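Structural overview
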Amino acid sequence: MSKCEQCIVREFSSLKALTKAELLKLSECKTSHVIKKGEVIFEEGEHVNGIYCIKDGICKLTKLSANGKDHIVKLVTKGELLGQRSMISEEPVNLSAVALEDMQVCFIPKSDMMGFFDHNNHFSMNVMKTICGNLKEADDHTVNLAQKTVKERLAETLLYLHNTFGKNEDDSLKVQLSRDELASMIGTATESCIRLLSDFKKLDLIELNGKKIILKDINKLKKIAD
């Protein structure tokens, strides 16, 4: 089991504000888990009673809509923390977290985390800044859904996947989403997403190979997205 003070991913999150003594305490109380692709980390409405630190891998955060379909709210990757907001608000989590690939995560119980809030102001401020940042992202996303066309949102999402998560050796996007998942991210029907991807392919903006997507003309995609 890796030690928190030696774990590089802590530098990407609020945990970077913890002292060495606090990190040693964290190592003693956290538990490490391997989550297989497709497995649920937690479900909407669940009382998590702690936070998850993503050591490796990517997961999707989803919200169940009124029609019974999952809507992807956000993708999160290593270094990020899950469950901070519900831990502070003492409410059930309002999203589900599902692994998009094999993951390594560490769970830190709420009782231990809240002790850091009481004694480390820098840590508390970091958590608040993260939550505020997430709210800003949610606001921006809401405006995008209202003001941008589906075509613009698809171009923007493809660029987001490219810029945030990178690509494989064959130049395909590292994060491979199903057409349903991609449609969910841009807020449209799967059929519309498939049709738009086909249009992008005809325009030579992208290349499609099964679930794999290769971005061929990033500048033109940027023009569409903006």
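These figures come from a predicted structure and were not determined experimentally. (Residues numbered from 1 in each chain as written. Predicted model: local features only at pLDDT ≥ 70, side-chain atom pairs only at ≥ 80, totals over all residues. Heavy atoms only, no water.)

**Considerations on the overall build of the protein**
- Each helix and strand in the protein was counted, giving eight helices and 10 strands.
- Taking the principal axes of the C-alpha coordinates as reference, the protein spans close to 55 × 40 × 30 Å.
- Within the protein, buried positions represent 45% of all 226 residues.
- Counting contacts in the protein only where the partners sit at least 6 residues apart, residues at least 24 apart contribute 68% of the total.
- When the accessible surface of the protein is split by element, carbon and sulfur atoms take 51% of a total near 12,300 Å².
- Between the mean site of the 33 positive side-chain charges and the mean site of the 33 negative ones, the protein shows a separation of 4 Å. (Helix = DSSP H or I, 4+ residues; strand = E, 2+ residues; numbered from the N terminus. Buried < 20%, exposed > 50% of the residue type's maximum accessible area, 1.4 Å probe, protein only. Contact = heavy atoms within 4.5 Å. Areas by Shrake-Rupley, 256 points an atom, 1.4 Å probe, with all protein chains shown as cover. Lys, Arg positive; Asp, Glu negative; His and termini not counted. Charge placed at Lys NZ, Arg CZ, Asp CG, Glu CD.)

**Details of the packing of helix α5 (residues 150-165) against helix α6 (residues 179-186)**
- Look at α5 against α6: their axes get within 9 Å of each other, and the N-to-C directions meet at 110 degrees. With respect to their mutual orientation, α5 and α6 come out roughly perpendicular. As α5 packs across α6, the resulting crossing turns out to be right-handed. The residues of α6 that touch α5, namely those facing V150, R153, L154, T157, L158, Y160 and L161, are L182, M185 and I186.
- Its residues placed into classes, the contact of α5 with α6 shows eight nonpolar, one polar and one charged. (Axes fitted to C-alpha atoms, helices over the stretch in contact; angles between N-to-C directions. Parallel < 35°, antiparallel > 145°, perpendicular 65-115°, else oblique. Left-handed = near helix turned anticlockwise from the far one by under 90°. Nonpolar A, V, L, I, M, F, W, Y, C, P; charged D, E, K, R; others polar.)

**A word on helix α1 (residues 20-29)**
- Buried residues of α1: E22, L23, L26, S27 and C29, and no others.
- Looking at the buried positions of α1, the neighbouring elements they touch are β1 (31-35), β8 (103-109) and α3 (110-119).

**Observations regarding the sheet that holds strand β2 (residues 40-42)**
- Pairing in this open sheet of four strands is antiparallel, and the strands run β2-β7-β4-β5 from one edge to the other. Either end of the sheet is taken by a strand with one partner, and the two such strands are β2 and β5 (70-77). Pairwise comparison of adjacent strand axes, ignoring direction, gives a mean angle of 30 degrees for this sheet.
- Sheet analysis places strand β4 (residues 58-64) next to strand β7 (residues 96-99), joined by four bridges and oriented antiparallel. (Pairing = 2+ DSSP bridges.)

**Observations regarding a nonpolar patch on the surface**
- On the surface, I88, M125 and M128 cluster together into a nonpolar patch covering about 250 Å² of accessible area.
- Within the secondary structure layout, I88 lies in helix α2 (residues 84-89).
- We classify I88 as partly exposed; its relative accessible area is 33%. (Patch = residues over 30% accessible without salt bridge, like charges linked within 9 Å, V, L, I, M, F, W, Y side chains within 5 Å. Salt bridge = Lys/Arg side-chain N within 4 Å of Asp/Glu carboxyl O.)

**Details of the UniProt feature "domain: Cyclic nucleotide-binding" (unreviewed entry) in the protein**
- Cross-referencing UniProt, the feature "domain: Cyclic nucleotide-binding" (unreviewed entry) maps to residues 14-110 in the present numbering.
- What you have in residues 14-110 is 18% helix and 44% strand, and the ends, taken at the C-alpha atoms, are 15 Å apart. (UniProt positions renumbered as here; feature names shortened; annotations may be inferred.)

**With respect to helix α8 (residues 218-225)**
- Turning to α8, its buried residues number three or more, namely L221, I224 and A225. Each buried residue of α8 sits inside an arc of 95 degrees when the element is viewed along its axis, so together they form one side. In this structure, α8 carries N219 and K223 as exposed residues pointing more than 90 degrees from its buried face.
- For α8, the elements touching its buried residues are α5, α7 (190-202), β9 (206-209) and β10 (212-215). (Arc of directions from axis to C-beta.)

**Re the sheet that holds strand β3 (residues 50-56)**
- If you walk across this open sheet you meet the four strands as β1-β8-β3-β6, and the pairing is antiparallel. Either end of the sheet is taken by a strand with one partner, and the two such strands are β1 and β6 (81-82).
- Taken together, the five bridges between β1 and β8 define a ladder with antiparallel strand orientation. Residue pairing for β8: T31 is matched across the bridge by F107.
- Where α3 meets the sheet, its contacts fall on β3 and β8, and the angle it forms with β8 comes to roughly 70 degrees.

**Observations concerning the packing of α5 against α8**
- Running from N to C, α5 and α8 point in directions that differ by 130 degrees, and their axes come no closer than 8 Å. In terms of their interaxial angle, α5 and α8 are classed as oblique. Every pair of crossing elements has a handedness; the one defined by α5 and α8 is left-handed. Note on element contacts: α8 touches α5 through I218, L221, K222, I224 and A225, opposite K151, E152, A155, E156, L159 and H162.

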